[in-house]
Amino acid sequence: MEAVAKLRNYPTSPRRMRLLADEIRGMDVEKALALLDFHPQHSATPLGKLLKSAISNWEQKNSGQSAADSSLIVKTIFVDGARMVKRLRPAPQGRAYRVRKRSNHVTIIVDKKLID
């Protein structure tokens, strides 16, 4: 049975977060946590915390089972755009440039690896 965890309105652009999400998609949970612990991007820290939360949610759903014993994988992870704070920056000749400060929503689903 799968478990879901969501991170909402994290203030970094969705494109940057998708780069990390693509790296851990389909990976074993232990490998993904190790990769995120030592990744240089600043958005690796909240993604690691989110993955730990998803693992904890899985353990709560499947009482009596440990995540370490069962082989969990990152089944699905996707990043969506969230609210955008819009500001104006002064530009030459009385104009103004729009600055869009983006944020994102991340949803992660962990599940047992299917044995073929």
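Refer to the structure above for everything that follows.
Because the structure is a prediction, the values reported are computed rather than measured.

What counts, and at which threshold
Residues numbered from 1 in each chain as written. Predicted model: local features only at pLDDT ≥ 70, side-chain atom pairs only at ≥ 80, totals over all residues. Heavy atoms only, no water. Patch = residues over 30% accessible without salt bridge, like charges linked within 9 Å, V, L, I, M, F, W, Y side chains within 5 Å. Areas by Shrake-Rupley, 256 points an atom, 1.4 Å probe, with all protein chains shown as cover. Salt bridge = Lys/Arg side-chain N within 4 Å of Asp/Glu carboxyl O. Lys, Arg positive; Asp, Glu negative; His and termini not counted. Charge placed at Lys NZ, Arg CZ, Asp CG, Glu CD. Helix = DSSP H or I, 4+ residues; strand = E, 2+ residues; numbered from the N terminus. Buried < 20%, exposed > 50% of the residue type's maximum accessible area, 1.4 Å probe, protein only. Arc of directions from axis to C-beta. Contact = heavy atoms within 4.5 Å.

K.L.:
Explain a positive patch on the surface to me, and be specific about the residues and the numbers.
P.N.:
Taken together, the side chains of Lys86, Arg98, Arg100 and Arg102 make up a positively charged region of the molecular surface. It is strand E3 (residues 96-112) that provides the largest number of residues to the positive patch, a total of three residues. Turning to its location among the elements, Lys86 is positioned in strand E2 (residues 72-90).

K.L.:
Please provide a residue-by-residue account of helix H2 (residues 29-37), values included.
P.N.:
Each α-helix turn comprises 3.6 residues. Residues three or four places apart therefore point the same way. Among the residues of H2, those classed as buried are Val29, Ala32, Leu33 and Leu36. Projection of H2 onto a plane perpendicular to its axis shows the buried side chains occupying an angular sector of 100°, all on one side. In the core, the buried residues of H2 are packed alongside helix H1 (14-24), helix H3 (44-61), E2 and E3.

K.L.:
A description of unusual backbone geometry should follow, citing residues and the corresponding values.
P.N.:
Note: most peptide bonds trans; most residues except glycine with negative phi. For Asn9, which is not glycine, the phi dihedral falls at a positive 55°. Mapped onto the fold, Asn9 is located in strand E1 (residues 3-10). Accessibility expressed as a relative area gives 32% for Asn9, which makes it partly exposed. Even without a glycine there, the phi angle at Gln93 is positive, about 60°. Mapping Gln93 onto the fold places it in the loop between E2 and E3. Taking the relative accessible area as the measure of exposure, Gln93 reaches 71% and is therefore exposed.

Honestly, it's all geometry; don't read function into it.
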